[in-house]
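Residue-level structural notes
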Amino acid sequence: MAHTGRKKVDTKGAPAVAAIHTNAIGTTTIHDEPASGRSTPTLGAAVQGGNVYASSYEGQDPGVRAFLEQVDLENYREPLLDFGPRVLASHRKRAPRPKTSNNSQGVTLIGHLTHHTDAVVSIVTSPDQVFFATASEDGTVLIWDSAKLERSIACEPRRSYSLDSPVTAMCRIENTHCLAVACEDGQLHVLRVHVASTGGSAKYGKVECVRKWQTTPRDGHITFIAHLQGKSILVRAMLITESSLLLFTNTSTIARLDIRTMEITARYQHPLEYGVISAICPTTHWCIVGTTTGTLSIWDLRFGLIVKSWKVDGRIASLKLHPARGKGLWLLVSTVREDGDTPLVSVYDIESSKLVEVYEVRAAKPSSTSPASVEQEVIDTKADLIARLAANEEMQPTLDPSVEPIPSVLAIMVGQAFASLAAPPPETTLLSGTARLAHPGYMVTAGDDRVVRYWDLVKTSESFLVCGSQKDRDVTFKQSTSEPAQFYTLPITHRQSSAGPDRHAGVAQQRQPLRPHYDAIAALGAVETPFSSCVISGDRSGIVKVWRMEGQAKT
């Protein structure tokens, strides 16, 4: 600076700026994603996992190094940044919650949510159990804070997202706070829920649509959707985990959609003569689909082939793998019942197509000799299948309002165990006479009869009703040793004593009746709140109820 009197004259020259257009070819190291999502690259900073970013650039210019890291961050880091940071699954370990209600089954209604105006089609819980989402045919997706259900008793959704047409399916993107939502107009939206959980409280931002995709008119609209996270593959010297959406349409098209590029990578056509796909049970490499004609088919997703198909009785409504028995090869199947002899849920061995278990609601004990199950293979010729389809359409019964339809199970939910419920005692085998720890597992069923049943798959006597009228709840759960094995409910008969009134009648009057659903229950979910385990049920009128599961009193 030169001083000339009181004036200051800046004698610094302007910096020289130039651009060089050169293609640089090199490699970068494999690294993990930072927990905070997108961030400004820092020279030499270590990312999550202890890895330091490096490349084949040999220069010392920090700007070039930062630029290379930013390019790598935006293009090759897995998963994509707009899906948010990786979310770990929550495994809460708590002691069984003691009963606080008068209900003998240990169930308390803690949430009655009335914000949907049409049928609830799906209930999805985040991996860390911070929130759960409900989707409805009214075209909205509502986000509910699980901690608010008990701590501050807030029955208002934290966020909502509206779509242009009724929602038909919804699933979560594993390890993220993202949801995949499909509509009747063929659109598919991938939504990210911006939420930060700190100190036991969650702060919610907006629900952002980070991806959009549209089906073709030939494929129709999506009816079922599932997220598949497969093996890791090497792409451009980077180890990338396969992440895709498995789509099922109303024209029986099965497609795999790459979640990064939103492009179809594989497309299969389920035989139309088998009927329209009405239920799915997907895994990483194969998928079981059920149709309206009662056909079960196993698809090998690696080669796009149907491994086998067989018939069951009735239109298939829901499919799940057995969580406790069968080593992953037993399939829980619920069908639309046409007569009283059809069980609520049937269990088939996938390898042999044999019926191995049934779950029923009975008025009397079953006979000691039950008919053997007969395997029904699919008709081989295509002409015979089409003829059967035409015959089924002609024989559709007319709806008589005076005749009450037979209730069917429309939704099945399975799992290993609820944290709030006591673990089942060891199981004693007849052969060895010694106690062994049985593989835990439960099944929750709901449907047209507006009853939610909890089936303990290890010890049947520990089963109970979550939701239902007083008449429905006054039952006991039994198991028979016939083949196939039968699990059923029986009404409890109370004997009248000559000394006075029945003591059970007074106990029944003291019970606090739970408010049942008034329409068919079509969706089930579960959430582990910071205080207890809950079952979520949604019906066709749009009502969502949250039931707290409490520990059983042991005598």
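Residues numbered from 1 in each chain as written. Predicted model: local features only at pLDDT ≥ 70, side-chain atom pairs only at ≥ 80, totals over all residues. Heavy atoms only, no water.

Strand pairing in a sheet relies on backbone hydrogen bonds. The paired strands run either parallel or antiparallel. As summarised here, the arrangement of the four strands in space is 3-35-34-33, forming an open sheet in which the pairing is antiparallel. Two strands close off the open sheet at either side, each with one partner strand: strand 3 (107-113) and strand 33 (521-528). Geometrically, the sheet is characterised by an average inter-axis angle of 25 degrees between neighbouring strands, direction not taken into account. With seven bridges joining them, strand 33 and strand 34 (residues 533-539) adopt antiparallel strand pairing. Across the sheet, residue Ala523 finds its bridge partner in strand 34, namely Gly538. (Pairing = 2+ DSSP bridges. Helix = DSSP H or I, 4+ residues; strand = E, 2+ residues; numbered from the N terminus. Axes fitted to C-alpha atoms, helices over the stretch in contact; angles between N-to-C directions.)

In this section: the sheet that holds strand 30 (residues 464-467). Strands sit in the order 25-28-29-30 across an open sheet of four strands; the sheet is antiparallel. Sheet topology places strand 25 (409-415) and strand 30 at the edges, where each strand pairs with a single neighbour. Here the average twist between neighbouring strands, direction ignored, is 25 degrees. The pairing of strand 25 with strand 28 (residues 442-447) spans six bridges and is classified as antiparallel. Looking at the pairing, Ile412 lines up with Thr445 of strand 28.

Tallied over the entire structure, the rule returns ten aromatic pairs. Look at Phe131 and Tyr204: their rings are 6.5 Å apart centre to centre, the planes differ by 75 degrees, and that puts the pair in the edge-to-face class. Of this pair, Phe131 sits in strand 5 (residues 131-136) while Tyr204 sits in strand 11 (residues 201-214); the two residues are 73 residues apart in sequence, bridging distant segments of the chain. For the pair formed by Phe131 and Tyr204, the shared burial category is buried. Ring centres 4.4 Å apart and planes at 25 degrees place the aromatic pair Phe418 and Tyr442 in the stacked group. Here Phe418, found in the loop between strand 25 and strand 26 (427-428), pairs with Tyr442, found in strand 28; they are 24 residues apart in sequence, far enough to count as distant. A residue is classified by how much of its surface remains accessible, and Phe418, at 5% relative accessible area, is buried. With relative accessibility at 6%, the residue Tyr442 sits in the buried group. Positioned above the aromatic ring of Trp310 is the side chain of Lys308, whose terminal nitrogen or guanidinium carbon lies 5.2 Å from the ring centre. (Phe/Tyr/Trp six-rings, centres within 6.5 Å; stacked < 30°, edge-to-face > 60°. Buried < 20%, exposed > 50% of the residue type's maximum accessible area, 1.4 Å probe, protein only. Lys NZ or Arg CZ within 6 Å of the ring centre and 35° of its normal.)

Once that is clear, we can look at unusual backbone geometry. Put simply, Glu483 and Pro484 share a cis peptide bond, and its omega is 0 degrees. Tracing the sequence through the fold places Pro484 in the loop between strand 31 (475-480) and strand 32 (485-491). A positive phi angle is found at Arg450, which is not glycine, with a value near 65 degrees. Mapped onto the elements, Arg450 comes out in the loop between strand 28 and strand 29 (452-456).

Across the seven residues of strand 8 (residues 167-173), six count as buried, placing the element largely inside the fold. Relative to strand 9 (residues 178-183), strand 8 runs antiparallel, the two sharing six bridges. Paired with Cys171 across the bridge in strand 9 is Ala180. Connecting strand 8 to the next strand, strand 9, in antiparallel fashion are four residues, including Asn175 with a positive phi near 65 degrees.

Let's shift gears to the pattern of salt bridges. The tally for this structure, following the rule as stated, stands at eleven salt bridges. Linking Asp258 and Arg260 is a salt bridge whose minimum nitrogen-to-oxygen distance equals 3.7 Å. (Salt bridge = Lys/Arg side-chain N within 4 Å of Asp/Glu carboxyl O.)

Below, the discussion takes up the confidence of the model for the protein chain. Looking at the protein chain as a whole, its pLDDT mean stands at 79, while 71% of the residues score no less than 70. At the low end of the mean pLDDT range in the protein chain sits helix 4 (residues 503-510), at 41; at the high end sits strand 4 (residues 120-125), at 97. Note on residues 31-52: pLDDT is under 50 here. Beyond four places in sequence and across chains, it has 44 contacts. Low pLDDT, under 50, characterises residues 426-437; the stretch is placed with 13 contacts to residues that sit more than four places away or in other chains. (pLDDT = per-residue confidence, 0-100. Contact = heavy atoms within 4.5 Å.)

This part takes up the environment of Thr283. Position of Thr283 relative to the elements: it lies in the loop between strand 16 (277-282) and strand 17 (286-291). Distance in space between the C-alpha atoms of Thr283 and Asp300 is 10.0 Å, their sequence separation being 17 residues. In contact with Thr283, not counting residues within four places along its chain, are Leu228, Leu301 and Leu321. Only 2.6 Å separates the side chain of Thr283 from the backbone oxygen of Trp286, close enough to count as a polar contact. (Polar contact = N/O pair within 3.5 Å; in protein donor to acceptor, adjacent residues only side chain to side chain.)

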